[in-house]
Amino acid sequence: MRRAPSPPDLDRLSFVGVTTGQSAATRLFPAWAKELGLHDVELVGHDLPIHAKREQYRDLVERIKSDEHERGALITTHKIDLFEACRDMFDRIDESALLFGETSCLSKCDGILSARATDLVSAGKSLDEFLSRDHFEKTGAEVLCLGAGGSAIAITVHLLGRAARIIVVNRSQGRLDAMRAIHARVNPGAEVVYIRNVDPLMNDALMGKLPAGSLVINATGMGKDTPG
Ligand SMILES: NC(=O)c1ccc[n+]([C@@H]2O[C@H](COP(=O)([O-])OP(=O)(O)OC[C@H]3O[C@@H](n4cnc5c(N)ncnc54)[C@H](OP(=O)(O)O)[C@@H]3O)[C@@H](O)[C@H]2O)c1
């Protein structure tokens, strides 16, 4: 694990990822800190391998919990693993973290360590920026979501019950089943079709049948993390 040197009396916000130094969050942090009025707080990257050992997560969270200069943490790739490893160490867990079984944000206030899952909020805010709240109601449009991982769950939960129908395509059945279980808890009556598929031609056919104004989401990481 990489831990950048830091003056001992400076408050710190931990950034838990795989290659945090290359992340946009590292570059954007000074602007966020200024906007939020955070003074004398620095972002400290903690690079852990994917599916790190349970003890690595617990050591890190214990340090965040007990060190008075640690203000909290932003968590990317390790959202699920860290949550599972450290669940008993959090004083508060928000509804989204319990629902999704993950945490992307740890915060400390008056010695209380809270775990939150913020993807639902950020996905919702991003979508609402360019899609009016009544878009689906007005147009009868549908949603085609490629991928059923963390971001796809956050986006589809936000749209659940708003679009006439949501079609989700994913490579593995396990991810589709996990997503279906979450959807069932949030809105059991919403119409969602879950399709296991990797054939791009089938995706083309599904897209060709969508009504005008439909939303197509690439939540696979293809074109960014992998070629596609
Ligand atoms: N999580 C967030 O809130 C968030 C926020 C901003 C940006 N992003 C970006 O969004 C992308 C996805 O993130 P994520 O957290 O959702 O990742 P993830 O949990 O790994 O989910 C990706 C999903 O896409 C599926 N998939 C990959 N290739 C596929 C293909 N060819 N056909 C069908 N399904 C395919 C995977 O299937 P299997 O694993 O089942 O094989 C997996 O379920 C990443 O580039 C990430 O950086 C995510």
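Residues numbered from 1 in each chain as written. Predicted model: local features only at pLDDT ≥ 70, side-chain atom pairs only at ≥ 80, totals over all residues. Heavy atoms only, no water.

Topic: the site of the ligand
Taken together, the neighbourhood of the ligand is formed by 18 residues, with Ser151, Arg171, Ser172, Lys224 and Asp225 sitting nearest. Take Lys79: an N or O atom from its side chain is 3.3 Å from a nitrogen atom of the ligand. Interatomic distance of 3.1 Å between a backbone N/O atom of Gly150 and an oxygen atom of the ligand. A total of 900 Å² of accessible area belongs to the ligand in isolation, and the protein chains cover 68% of it. Comparing atom positions with the cavity grids shows the ligand to sit within the largest pocket. (Near = heavy atom within 4 Å. Polar contact = N/O pair within 3.5 Å; in protein donor to acceptor, adjacent residues only side chain to side chain. Areas by Shrake-Rupley, 256 points an atom, 1.4 Å probe, with all protein chains shown as cover. 1 Å grid on protein atoms, 1.4 Å probe; cavity = no way out; pocket = protein on both sides within 12 Å on 5 of 7 lines; lining within 4 Å. Sits in = over half its atoms within 2 Å of the grid points.)

Some remarks on helix H8 (residues 173-186)
In this model, H8 (14 residues) spans 20 Å end to end at C-alpha, consistent with the 20 Å of a helix rising 1.5 Å per residue. Where H8 is buried, its residues meet helix H4 (95-100), helix H7 (150-159), strand S9 (166-170) and strand S10 (192-196). (Helix = DSSP H or I, 4+ residues; strand = E, 2+ residues; numbered from the N terminus. Expected span 1.5 Å × (residues − 1). Contact = heavy atoms within 4.5 Å.)

Some points on the packing of helix H5 (residues 119-130) against H7
Taken N-terminus to C-terminus, the directions of H5 and H7 make an angle of 60 degrees; their axes are 8 Å apart at the nearest point. Along this stretch, H5 crosses H7, giving a crossing that reads as right-handed. Only Ala154, Ile155, Val157, His158 and Leu159 of H7 make contact with H5, whose side of the interface consists of Asp119, Leu120, Ala123, Gly124, Leu127 and Asp128. Considering only residue class, the contact of H5 with H7 consists of seven nonpolar, two polar and two charged. (Axes fitted to C-alpha atoms, helices over the stretch in contact; angles between N-to-C directions. Left-handed = near helix turned anticlockwise from the far one by under 90°. Nonpolar A, V, L, I, M, F, W, Y, C, P; charged D, E, K, R; others polar.)

Examining the packing of aromatic side chains
Scanning the model with the defined rule gives one aromatic pair in all. Relative to Phe90, the ring of Phe83 lies with its centre 6.1 Å away and its plane at 15 degrees, an arrangement referred to as stacked. A relative accessible area of 8% places Phe90 in the buried class. (Phe/Tyr/Trp six-rings, centres within 6.5 Å; stacked < 30°, edge-to-face > 60°. Buried < 20%, exposed > 50% of the residue type's maximum accessible area, 1.4 Å probe, protein only.)

A look at the nonpolar core
Phe90, Leu106, Leu159 and Val168 are the most contacted members of the largest nonpolar core, which has 48 residues in total. When we break this core down by domain, the ones giving at least three residues each are domain 1 (2-117) and domain 2 (121-218). Residues Leu146, Val169, Ile195 and Leu210 belong to the second largest nonpolar core, which totals seven residues. (Core = buried A, V, L, I, M, F, W, Y, C linked by side-chain atoms within 4.5 Å. Domains from an automatic or database assignment.)

Here's the deal with the layout of surface pockets
Using a probe with the size of a water molecule, rolled over the atoms, empty space left in the structure can be pinpointed. In this model, the largest pocket occupies a volume close to 1,700 Å³. Lining the largest pocket are 41 residues, and of these Gly149, Arg175, Ala219, Thr220 and Gly221 sit closest to its centre. Mapped by element, the contributors of at least two residues to the lining of the largest pocket are helix H3 (79-86), H7, S9, H8, helix H9 (200-208) and strand S11 (215-218). Counting the residues that make up the lining of the largest pocket, at least three belong to each of domain 1 (2-117) and domain 2 (121-218). Looking at the second largest pocket, its volume works out to about 1,200 Å³. If you go around the second largest pocket, you meet 34 residues; those closest to its centre are Trp32, Leu74, Ile75, Ser104 and Thr118. At the level of secondary structure, the elements contributing two or more residues to the lining of the second largest pocket comprise strand S2 (11-17), helix H1 (24-35), strand S3 (41-47), strand S4 (70-75), strand S6 (105-109) and H5. Looking at the lining of the second largest pocket element by element, the count peaks at five residues for S4. By residue class, the composition of the lining of the second largest pocket is 18 nonpolar, 11 polar and five charged. Each of domain 1 (2-117) and domain 2 (121-218) contributes no fewer than three residues to the lining of the second largest pocket. (Points joined across faces, edges and corners; volume = space filled by probe spheres on them.)

Quick word on the domain arrangement of the protein chain
Each assigned domain of the protein chain is listed with its residue range as follows: domain 1 (2-117) and domain 2 (121-218). Between the C-alpha centres of domain 1 and domain 2 the distance comes to 29 Å.

What to know about the packing of H7 against H8
It is the contact of H7 with H8, at a shortest axis distance of 11 Å, that shows an interaxial angle of 25 degrees. As far as their axial angle goes, H8 and H7 are roughly parallel. Handedness of the H7/H8 crossing: right-handed. Here Gly150, Ala152, Ile153, Thr156 and Val157 of H7 lie close against H8, whose contacting residues are Arg175, Met179, Ile182, His183 and Val186. By residue class, the composition of the contact of H7 with H8 is six nonpolar, three polar and one charged. (Parallel < 35°, antiparallel > 145°, perpendicular 65-115°, else oblique.)

Here we look at a nonpolar patch on the surface
A surface patch of nonpolar side chains, about 320 Å² in accessible area, is lined by Leu28, Trp32 and Leu36. Counting through the fold element by element, Leu28 comes out in helix H1. Leu28 sits in the partly exposed class, given a relative accessible area of 40%. (Patch = residues over 30% accessible without salt bridge, like charges linked within 9 Å, V, L, I, M, F, W, Y side chains within 5 Å. Salt bridge = Lys/Arg side-chain N within 4 Å of Asp/Glu carboxyl O.)

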